[in-house]
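# Overview (structure and organization)
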Amino acid sequence: MLRHLFLLLIAVMLVGCKADDWRTADISDKLPSLDFELVDENGRTVTEQDYAGKPAVVFFGYTHCPDVCPTTLARLMQITRQLDASDREAFRVLFVSVDPKRDTPQTLTTYTNAFGPQFIGLTGDKEQLDDVTNRFRVSYSYGEPDADGNYDVSHAAAVIAFDARGNAQFLTRDSDPVEAVKADLEHLIDASRG
C-alpha cells in the first residue's frame, strides 16, 4: 500500500514537469533556429547543416578579448570536463569570432584547441557576421585602434544553446550557476538522443 502511494505521488509530481524546463533562461520561443554561412578553422565555408545532429552552444567573441571570451570559454570547458565521456562527444561549442581581420582560421584553431575538441572556431566577412548576429539579436562593434593598431571589440557575453535540430533552447550568462548550466546541457544532450 505504501509503495503504491509513493508511486502515485511521484507520478503526480511528474505530470506537472515539462521536459524542457530549463534552469537557465528558456528562449525556445524567442529566438529563431540555427542558420548561418561562415568559415571554419580549416578555411572551408560551412553552414548549420555541417553541425546538424548534435546539440550546440554558440558564443560570439574574438580571440584577442582580454576577459569575457577566455573566461566564458574556460567556464564552458570546466562544465564540459564534468560531463561523462559520451556526453562530451555529443555536443559542440561553436565560437563565432566577430573579428575576422585578426582571427584567421589558424588563429581560431590555436585558440579553440586550448579549450578542447568540442570547441570549433567560426568567422566570416562582415556581411556573413551581420546576418548571423542580427538573426540572434547579438550586437558587436569595434573600438578605435591604438598607436599599435590594437583595438577592442564590444560583444555580447551570452551563450545560446541549440538542440540537435538547430532549435534555440536556452541562454546562459556568467551569472548562472555552473550546476544549472551543466544540468541544462545534460538535459539537452539526453533529449537529442531521443
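Everything in this summary refers to the structure shown in the same document. (Residues numbered from 1 in each chain as written. Predicted model: local features only at pLDDT ≥ 70, side-chain atom pairs only at ≥ 80, totals over all residues. Heavy atoms only, no water.)

With that settled, the discussion passes to the overall build of the protein chain. Looking only at helices and strands, one finds six helices and 10 strands in the protein chain. Every one of the 194 residues in the protein chain was classed for burial, and the buried ones make up 46%. Look at the contacts in the protein chain between residues 6 or more apart in sequence, and 74% of them connect residues 24 or more apart. Working note: accessible area of the protein chain is about 10500 Å², and carbon and sulfur atoms make up 53% of it. (Helix = DSSP H or I, 4+ residues; strand = E, 2+ residues; numbered from the N terminus. Buried < 20%, exposed > 50% of the residue type's maximum accessible area, 1.4 Å probe, protein only. Contact = heavy atoms within 4.5 Å. Areas by Shrake-Rupley, 256 points an atom, 1.4 Å probe, with all protein chains shown as cover.)

What follows is about unusual backbone geometry. You will see that R137, though not glycine, has its phi angle at about 55°, which is positive. Positionally, R137 belongs in the loop between helix 5 (126-135) and strand 7 (140-142). On the accessibility criterion, R137 (63% relative accessible area) is exposed.

Another point: the nonpolar core. What tends to happen in soluble globular proteins is that the nonpolar side chains get buried as a cluster. If you look at the biggest cluster of nonpolar residues, it comprises 54 residues, and the most contacted ones within it are F36, L73, L94 and L122. Not counting the four nearest positions on each side in its chain, L73 is found in contact with F59, V93, F95, Y111, F115 and F119. (Core = buried A, V, L, I, M, F, W, Y, C linked by side-chain atoms within 4.5 Å.)

Turning to a negative patch on the surface, a few remarks are in order. Taken together, the side chains of D35, E37, D125, E127 and D131 present a region of like negative charge at the surface. Counting through the fold element by element, D125 comes out in the loop between strand 6 (119-123) and helix 5. Taking the relative accessible area as the measure of exposure, D125 reaches 42% and is therefore partly exposed. (Patch = residues over 30% accessible without salt bridge, like charges linked within 9 Å, V, L, I, M, F, W, Y side chains within 5 Å. Salt bridge = Lys/Arg side-chain N within 4 Å of Asp/Glu carboxyl O. Lys, Arg positive; Asp, Glu negative; His and termini not counted. Charge placed at Lys NZ, Arg CZ, Asp CG, Glu CD.)

Now for the packing of aromatic side chains. Considering all chains together, one arrives at nine aromatic pairs under this definition. Between F95 and Y111 the ring centres are 5.5 Å apart and the planes differ by 35°, which places this aromatic pair in the tilted class. Here F95, found in strand 5 (residues 92-97), pairs with Y111, found in helix 4 (residues 105-113); they are 16 residues apart in sequence, far enough to count as distant. Note on F95: relative accessible area 0%, which makes it buried. Residue classification places Y111 among the buried positions, given a relative accessible area of 15%. Centre to centre, the rings of F115 and F119 are 5.7 Å apart; their planes meet at 35°, and the pair counts as tilted. The burial state of F115 is the same as that of F119; both residues are buried. Here a set of aromatic residues connected by ring pairs shows up, and it is made of F59, F95, Y111, F115 and F119. Stacked on the ring of Y151, the Lys or Arg R102 has its end atom at 3.7 Å from the ring centre. (Phe/Tyr/Trp six-rings, centres within 6.5 Å; stacked < 30°, edge-to-face > 60°. Lys NZ or Arg CZ within 6 Å of the ring centre and 35° of its normal.)

Residues of strand 9 (residues 159-162) alternate between two faces, with V159 and A161 on one and I160 and F162 on the opposite face, all of them buried. Pairing of strand 4 (residues 56-61) with strand 9 involves four bridges; the strand directions are antiparallel. Among the inter-strand pairings, A56 is bridged to a residue of strand 9, identified as F162. In this structure, strand 9 lies alongside strand 10 (residues 168-172), joined through four bridges in antiparallel fashion. Its bridge partner lying in strand 10, F162 is registered against A168. (Pairing = 2+ DSSP bridges.)

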